[in-house]
Amino acid sequence: MTREVTLPLIVDDRGSLQVSAADVSALLRSVGARWVHLVEAGERLDEDTVAALTIELAKLADRIDVACIAHSSGAP
């Protein structure tokens, strides 16, 4: 089952972003990296699930990056 996750960009009345895309993207990627590290360290986590979730977090981080780049470049 595929579910779409939508994260709205938070902007003020001048159009300035209120959340750093770099910080959010880094957080999402670091969560995935931490899970992978736990698997590699021998924790009893399902490797396939960790891999799938890590990939989805990276995709979400990529989407946030693209949305923020589009926003900052003035693209509709």
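Coordinates for the structure precede this section.
Along each chain, residues carry numbers from 1 onward, in the same order as the chain's sequence is written. Reporting of local features is limited, given that this is a predicted model, to residues whose pLDDT is at least 70; pairs of side-chain atoms are given and counted only at 80 or more, and all residues count toward the totals for whole chains, interfaces and linings. Derived side-chain values reflect all non-hydrogen atoms in the structure, with water molecules and hydrogen atoms excluded from consideration.

Describing the packing of helix α1 (residues 21-40) against helix α2 (residues 47-73)
At a closest axis distance of 9 Å, the pairing of α1 and α2 adopts a crossing angle of 170 degrees. With respect to their mutual orientation, α1 and α2 come out roughly antiparallel. Contacts from Ala21, Val24, Ser25, Leu28, Arg29, Val31, Gly32, Trp35, Val36 and Val39 of α1 reach α2 at Glu47, Val50, Leu53, Thr54, Leu57, Ala58, Leu60, Ala61, Asp62, Ile64, Asp65 and Cys68. Residues are grouped as follows: Ala, Val, Leu, Ile, Met, Phe, Trp, Tyr, Cys and Pro are nonpolar; Asp, Glu, Lys and Arg are charged; every other residue, Gly included, is polar. Of the residues assigned to the contact of α1 with α2, the class counts are 15 nonpolar, 3 polar and 4 charged. Think of each axis as a best-fit line through the C-alpha atoms, taken over the contacting stretch in the case of a helix, with angles from 0 to 180 degrees between the N-to-C directions. A helix here means a DSSP run of H or I that spans at least four residues, while a strand means a run of E at least two residues long, and both kinds are numbered starting from the N terminus. For classification purposes, angles smaller than 35 degrees are called roughly parallel, those larger than 145 roughly antiparallel, those between 65 and 115 roughly perpendicular, and all remaining angles oblique. Two residues form a contact once any of their heavy atoms are found within 4.5 Å.

Regarding a negative patch on the surface
A patch consists of residues exposed above 30% relative accessible area that lack any salt bridge, with like charges linked at up to 9 Å and nonpolar side chains (Val, Leu, Ile, Met, Phe, Trp, Tyr) linked at up to 5 Å. Areas reported here follow the Shrake-Rupley algorithm with a probe of radius 1.4 Å; residue values treat only the protein chains shown as occluding. Whenever a carboxyl oxygen of Asp or Glu lies within 4 Å of a side-chain nitrogen of Lys or Arg, that contact is scored as a salt bridge. Charge counting treats Lys and Arg as positive and Asp and Glu as negative, with His and both chain ends excluded. By convention, the charge on Lys lies at NZ, on Arg at CZ, on Asp at CG and on Glu at CD. On the surface, Glu40, Asp46, Glu47 and Asp48 cluster together to form a negatively charged patch. Within the fold, Glu47 resides in helix α2.

Quick word on the pattern of salt bridges
For the coordinates displayed, the defined rule picks out 3 salt bridges. Salt-bridge contacts for Arg29 lead to Asp62; the nearest nitrogen and oxygen are separated by 2.3 Å. Pair noted here: Arg29 is in helix α1 and Asp62 is in helix α2, with a separation of 33 residues, a long-range link. The cut-offs for exposure are 20% and 50% of the maximum accessible area for each residue type, with area from a 1.4 Å probe on protein chains only; residues under the lower value are buried, those over the upper are exposed, and the others partly exposed. Using a relative accessible area of 34% as the deciding quantity, one classes Arg29 as partly exposed.

A closer look at α2
To estimate how far a helix should extend, the number of its residues minus one is multiplied by 1.5 Å. Across its 27 residues, α2 extends 39 Å between first and last C-alpha, which sits within 8% of the 39 Å expected from 1.5 Å per residue. Close packing links the buried residues of α2 with α1. After α2 finishes, the residue Gly74 shows a positive phi value of roughly 80 degrees.

A short note on the environment of Ser30
Secondary-structure assignment places Ser30 in helix α1. On the basis of relative accessibility, which here comes to 39%, the residue Ser30 falls in the partly exposed class.

Focus: α1
What sets the pattern is the α-helix's 3.6 residues per turn: residues three or four places apart point alike. For α1, built from 20 residues, the straight-helix expectation of 28 Å at 1.5 Å per residue is met to within 8% by its first-to-last C-alpha distance of 28 Å. Every buried residue of α1 is listed here: Ala21, Ser25, Leu28, Gly32 and Val39. Here the buried residues of α1 occupy an arc of 70 degrees about the axis, which is enough to place them on one side. Turned more than 90 degrees away from the buried face of α1, the exposed residues are Ala22, Asp23 and Leu27. Note that the arc is defined by the directions from the helix axis to the C-beta atoms.

So, the side chain of Thr54
Secondary-structure assignment places Thr54 in helix α2. Pairs of N or O atoms are called polar contacts if they sit within 3.5 Å, as long as, within protein, a hydrogen donor faces a hydrogen acceptor (for residues adjacent in sequence, only side-chain-to-side-chain pairs). Polar side-chain contacts of Thr54 include one of 2.7 Å to the backbone oxygen of Val50. With sequence-adjacent residues up to four places away left out, Thr54 is seen in contact with Gly32, Trp35 and Val36.

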